[in-house]
Amino acid sequence: MKLGIVGLPNVGKSTLFNSLTKAGAESANYPFCTIDPNVGVVTVPDARLGKLAALYNSAKILPAVIEFVDIAGLVKGASKGEGLGNQFLSNIREVDAIVHVVRCFEDPNVIHVDGSVDPLRDIETINLELIFSDLEILDRRMAKTGKGANNDKALAKELEILKELKAHLEDGKLASSFDTEDEDIRSFVASLNLLTFKPVIFASNVSEDDLADDGASNTYVAQVRQFAKENNSEVFVICAQIEQEIAELEEDEKKMFLEDLGLTESGLEKLIAASYHLLGLISYLTAGPMETRAWTIKEGTKAPQAAGKIHTDFERGFIRAEVVHYDDLMSCGSHNAAKEKGLVRLEGKEYVVKDGDVVLFRFNV
């Protein structure tokens, strides 16, 4: 999974990136200090892996990973070259979802690029820049498609959709809200790889005081939550500064630090939960003497395609899957005990893999 982090300058974007990835992206109290896109990979915390590895005496544990791409703070006119932002928009075209960091705290010592804290205005600024960038993509596609549209019915239909989509964006609306019941049209729009078609997770960056109640008393957070609800997006509340402090602690210290703050999970865990939920993702597990590993797949994925995540040969030569759920395996204490109780099943090509399934694939190529 790949997530792109966007936001205005000085909203805590690079601080959040630093804390999530420990990659040390430059962070300072002035705009455009992130000049190159920073990329960091983090492992997805999963308590099941350690217990599973102990059960199978695995030599190593390989968690699922998320790749974060952090780009320079965007400002008005970024798509036209203002503030260095436009050259980085292309870096997030390939991400699965966008994490939009929004400032929801007052601090006279941290300047705001527009002079005041206003999350809805900030969201609109970023969205407009993404729209302008998408319009450029559409213009190029329309010019290319238009050349053959007179002699090709399929291209003529494509051009018609592009024109409707362009008008939709020019009204200040996102591609994700382009209203169509036609699945083919929806697939075509998705294939354009538009930034405003991507799912969005809003990271409401608050002060430490607002963290314990998850921003419930913060009016800025309430505004972001309402906006997200209207736009089918996810929201999680974070204090980027606190996350950076957490990132520097050892695992056991982290737990104590979170408890002292009245928290049960870190911002990274909140973000991962939000992204998995938004993108409809689950993890299945494999285990053996060599390794215990988590694999991320879309909810609803059938066994052969899930096997293909490991290797294309597994999907091509799929015979069957030997499946036991993690909870059943742990309650039995061993794979053999689960088998004796009939909890280990043989599943075929139509089996839909569930979150927490421990799977052994049988294949022949």
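Residues numbered from 1 in each chain as written. Predicted model: local features only at pLDDT ≥ 70, side-chain atom pairs only at ≥ 80, totals over all residues. Heavy atoms only, no water.

## Overview of the overall build of the protein
Logical step 1: Scanning the protein from N- to C-terminus turns up 14 helices and twelve strands.
Logical step 2: Computed over its C-alpha atoms, the radius of gyration of the protein comes to 23 Å, within 12% of the 21 Å expected for a compact globule of 365 residues.
Logical step 3: Taken over 365 residues, the protein has a buried fraction of 48%.
Logical step 4: Contacts spanning at least 24 positions in sequence make up 69% of the contacts within the protein whose residues lie at least 6 apart.
Logical step 5: A total accessible area of about 18,000 Å² is found for the protein, and carbon and sulfur atoms account for 49% of it.
Logical step 6: If you average the places of the 39 positive and of the 59 negative side-chain charges in the protein, the two averages end up 8 Å apart. (Helix = DSSP H or I, 4+ residues; strand = E, 2+ residues; numbered from the N terminus. Rg over C-alpha atoms; globule rule 2.2 N^0.38 Å. Buried < 20%, exposed > 50% of the residue type's maximum accessible area, 1.4 Å probe, protein only. Contact = heavy atoms within 4.5 Å. Areas by Shrake-Rupley, 256 points an atom, 1.4 Å probe, with all protein chains shown as cover. Lys, Arg positive; Asp, Glu negative; His and termini not counted. Charge placed at Lys NZ, Arg CZ, Asp CG, Glu CD.)

## Brief notes about the packing of helix α4 (residues 119-146) against helix α5 (residues 153-170)
Logical step 1: At a minimum axis separation of 10 Å, α4 and α5 run at an interaxial angle of 160 degrees. Looking at the two axes, α4 sits roughly antiparallel to α5. Pair α4 / α5 crosses with left-handed handedness. Between α4 and α5, the residues in contact are Ile131, Asp134, Leu135, Leu138, Asp139, Arg141, Met142, Thr145 and Gly146 and Leu155, Glu158, Leu159, Leu162, Lys163, Leu165, Lys166, Leu169 and Glu170, respectively. (Axes fitted to C-alpha atoms, helices over the stretch in contact; angles between N-to-C directions. Parallel < 35°, antiparallel > 145°, perpendicular 65-115°, else oblique. Left-handed = near helix turned anticlockwise from the far one by under 90°.)

## Here's the deal with the packing of aromatic side chains
Logical step 1: Evaluation of the coordinates by the stated rule reveals five aromatic pairs.
Logical step 2: Of note, Arg103 hangs over the ring of Phe105, and the distance from its end group to the ring centre comes to 4.5 Å. (Phe/Tyr/Trp six-rings, centres within 6.5 Å; stacked < 30°, edge-to-face > 60°. Lys NZ or Arg CZ within 6 Å of the ring centre and 35° of its normal.)

## Some remarks on unusual backbone geometry
Logical step 1: Here the phi dihedral of Asn57 falls at roughly 50 degrees; this positive angle occurs in a residue that is not glycine.
Logical step 2: In this structure, Asn57 sits in the loop between α2 (47-56) and β3 (60-62).
Logical step 3: Residue class for Asn57 comes out exposed when judged on its relative accessible area of 63%.
Logical step 4: Although it is not a glycine, Asn232 sits at a positive phi angle of roughly 55 degrees.
Logical step 5: Locating Asn232 in the fold gives a position in the loop between α7 (219-230) and β7 (234-238).

## Things to note about the sheet that holds β7
Logical step 1: Taken in spatial order, the six strands line up as β2-β4-β1-β5-β6-β7 in an open sheet, and their pairing is mixed. Of all strands in the sheet, those bounded by a partner on one side alone are β2 (38-43) and β7. When strand polarity is set aside, the average angle formed by the axes of neighbouring strands in this sheet is 25 degrees. (Pairing = 2+ DSSP bridges.)

## Digging into the environment of Asp313
Logical step 1: One can find Asp313 in helix α12 (residues 312-316).
Logical step 2: Not counting the four nearest positions on each side in its chain, Asp313 is found in contact with Phe363 and Val365.

## Quick notes on the pattern of salt bridges
Logical step 1: Taken as a whole and judged by the stated rule, the model has 16 salt bridges.
Logical step 2: Of the charged contacts in the structure, one is a salt bridge between Arg48 and Asp46, with a shortest N-O distance of 3.0 Å. In this structure, Arg48 and Asp46 share a single accessibility class: buried.
Logical step 3: Close ionic contact of Arg93 with Asp134 constitutes a salt bridge, the shortest N to O distance being 3.1 Å. Of this pair, Arg93 sits in the loop between α3 (86-89) and β5 (97-103) while Asp134 sits in helix α4, placing them 41 residues apart in sequence.
Logical step 4: Note on Arg93: relative accessible area 11%, which makes it buried. (Salt bridge = Lys/Arg side-chain N within 4 Å of Asp/Glu carboxyl O.)

## Quick word on helix α10 (residues 267-279)
Logical step 1: With 13 residues, α10 should cover 18 Å at 1.5 Å per step; its first-to-last C-alpha distance of 18 Å lies within 8% of that length.
Logical step 2: Within α10 the residues assigned to the buried category are Gly267, Leu268, Lys270, Leu271, Ile272, Ala274, Ser275, Tyr276 and Leu279. (Expected span 1.5 Å × (residues − 1).)

## Side note on the nonpolar core
Logical step 1: Counting 48 residues, the largest nonpolar core has Phe68, Leu271 and Val358 as the members making the most contacts within it.
Logical step 2: If you tally residues by element for this core, the top one is α10, at six residues.
Logical step 3: With sequence-adjacent residues up to four places away left out, Val358 is seen in contact with Leu52, Tyr56, Leu285, Glu322, Val323, Val324, Tyr326 and Leu329. (Core = buried A, V, L, I, M, F, W, Y, C linked by side-chain atoms within 4.5 Å.)

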